[in-house]
Amino acid sequence: METLLETPRLVISYDEANDWLHLLWRGAHNPSDEKTCIMEVLEKIRLTQATRVLNDSTLDEDGWSELTYWIANDFMPQVADAGIVAAAWVMPDNLQARIDVHNVLVHVSRPLIDTFMDAEAAYKWLKTGPAAPRRVSGEPK
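Within any chain, residue numbers begin from 1 and follow the written order of that chain's sequence. Reporting of local features is limited, given that this is a predicted model, to residues whose pLDDT is at least 70; pairs of side-chain atoms are given and counted only at 80 or more, and all residues count toward the totals for whole chains, interfaces and linings. Heavy atoms throughout the structure, all of them, feed into the side-chain values; hydrogens and water do not.

Asks: For this particular structure, what's the right way to read the overall build of the chain?
Replies: Helical segments are the DSSP runs of H or I of at least four residues, strand segments are the runs of E of at least two, and each set is numbered from the N terminus. In terms of helices and strands, the chain carries four helices and six strands. Along the chain, from the amino end to the carboxyl end, the secondary structure elements read β-β-β-α-β-α-β-α-β-α. Between the two quantities, the radius of gyration covers C-alpha atoms and the globule rule is 2.2 Å times the number of residues to the power 0.38. Taking 141 residues into account, the globule formula puts the C-alpha radius of gyration at 14 Å, and the chain, at 14 Å, falls close to it. Expressed as lengths along the three principal axes of its C-alpha atoms, the size of the chain is roughly 45 × 25 × 25 Å. Residues count as neighbours in contact if any of their non-hydrogen atoms are within 4.5 Å of one another. Sequence-distant contacts in the chain: of pairs separated by 6 or more residues, those separated by 24 or more amount to 73%.

Asks: What is the right way to look at the pairing of strand 4 (residues 52-60) in this model?
Replies: Whether a residue is buried, partly exposed or exposed follows from its accessible area with a 1.4 Å probe, protein chains only, as a fraction of its type maximum: under 20%, in between, or over 50%, in that order. Most of strand 4 sits out of view: seven of its nine residues are buried. Pairing between strands is defined by DSSP: at least two bridges between them are needed. As paired strands, strand 3 (residues 20-27) and strand 4 are joined by seven bridges and run parallel to one another. For Gly27, the partnering residue across the bridge sits in strand 4 and is Asp60. At this point the chain moves from strand 4, through helix 2 (residues 68-81), to the parallel strand 5 (residues 86-90), and the crossover so formed is right-handed. The path from the first strand over the helix to the second decides the hand: if it runs clockwise while the strands point away from the viewer, the crossover is right-handed.

Asks: Sorry if this is basic, but what is going on with the sheet that holds strand 4 here?
Replies: By way of backbone hydrogen bonds, the strands of a sheet pair with one another, either parallel or antiparallel. Strand order in the open sheet formed by six strands is 1-2-3-4-5-6, with mixed pairing between adjacent strands. Looking at which strands have only one partner, the edges of the open sheet turn out to be strand 1 (2-6) and strand 6 (112-116). Each strand of the sheet is rotated relative to its neighbour by a mean of 20°, with strand direction disregarded. Where strand 1 meets strand 2 (residues 10-15), four bridges bridge the pair, whose relative direction is antiparallel. Paired with Glu2 across the two strands is Tyr14, which belongs to strand 2. Against the sheet, helix 3 (residues 95-105) contacts strand 4, strand 5 and strand 6, and its axis sits at roughly 160° relative to strand 5. Note on definitions: angles span 0 to 180 degrees between N-to-C directions of axes, and those axes are lines fitted to C-alpha atoms, for helices only across the stretch in contact.

Asks: Help me understand the environment of Asp56, please; the structure alone is not making it clear to me.
Replies: Relative to the helices and strands, Asp56 is located in strand 4. Owing to a relative accessible area of 10%, Asp56 belongs among the buried residues under this scheme. Between the C-alpha atom of Asp56 and that of Val11, which follows or precedes it by 45 residues, the distance is 9.9 Å. What Asp56 contacts, discounting residues up to four positions off in sequence, is His22, Leu23, Leu24, Trp25, Val90 and Ala119. Under the rule applied, a polar contact is a pair of N or O atoms within 3.5 Å (in protein, one hydrogen donor and one hydrogen acceptor; residues adjacent in sequence only if both atoms are side-chain atoms). Polar contacts involving the side chain of Asp56 include one to the side chain of Thr58, which spans 2.5 Å.

Asks: Even after reading the chapter, I still don't get the packing of helix 2 against helix 3, so can you show me in this structure?
Replies: How two helices sit against one another is set out by the angle between their axes and by the gap between those axes. Relative to each other, helix 2 and helix 3 sit at 35°, their axes nearing to 8 Å. Of the two elements, helix 2 crosses helix 3, and the hand of that crossing is right-handed. When helix 2 is examined against helix 3, the residues Thr68, Ile71 and Ala72 are found in contact with a partner set consisting of Asp100, Asn103 and Val104. The classification used treats Ala, Val, Leu, Ile, Met, Phe, Trp, Tyr, Cys and Pro as nonpolar, Asp, Glu, Lys and Arg as charged, and all other residues, Gly among them, as polar. Taken together, the residues of the contact of helix 2 with helix 3 sort by class into three nonpolar, two polar and one charged. Should the near helix be turned counterclockwise from the far one by less than a right angle, the crossing is left-handed, whereas a clockwise turn marks it as right-handed.

Rendered as structure tokens:
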């Protein structure tokens with residue numbers, strides 16, 4: 001995996017073998033810095049032309065209470081328009097952060113997002129799930 005961005009709050013990596021972005025959210029944040037980090041995700045989607053995201057929020061300590069409406073109604077449609085068809089969202093251990101994830105997802109119609117309690121299950125779903133790329137035998141990646 002190639003690291004595309006590393007901040008105290010977010011690590012964005014590109015998994016070329018699977019052609020997806022891997023996001024690792026960690027720690028606490030403030031809303032203005034968080035919006036900047038989230039927009040970095042959109043930039044990296046466009047840069048890599050990835051169609052799937054493994055969004056690992058396990059280490060998120062406080063959620064996105066201030067940004068849930070914006071994420072659901074402004075950001076996620078932009079993510080879908082940029083080409084993301086599926087995202088596997090690994091749920092945070094922090095209860096408030098988990099509530100915030102649910103508050104986002106209740107309003108998202110696209111892209112396809114499923115939630116998981118561990119990264120391994122999320123990985124398997126992205127690899128073999130409904131949005132996994134289907135290639136014809138002999139077709140290049």
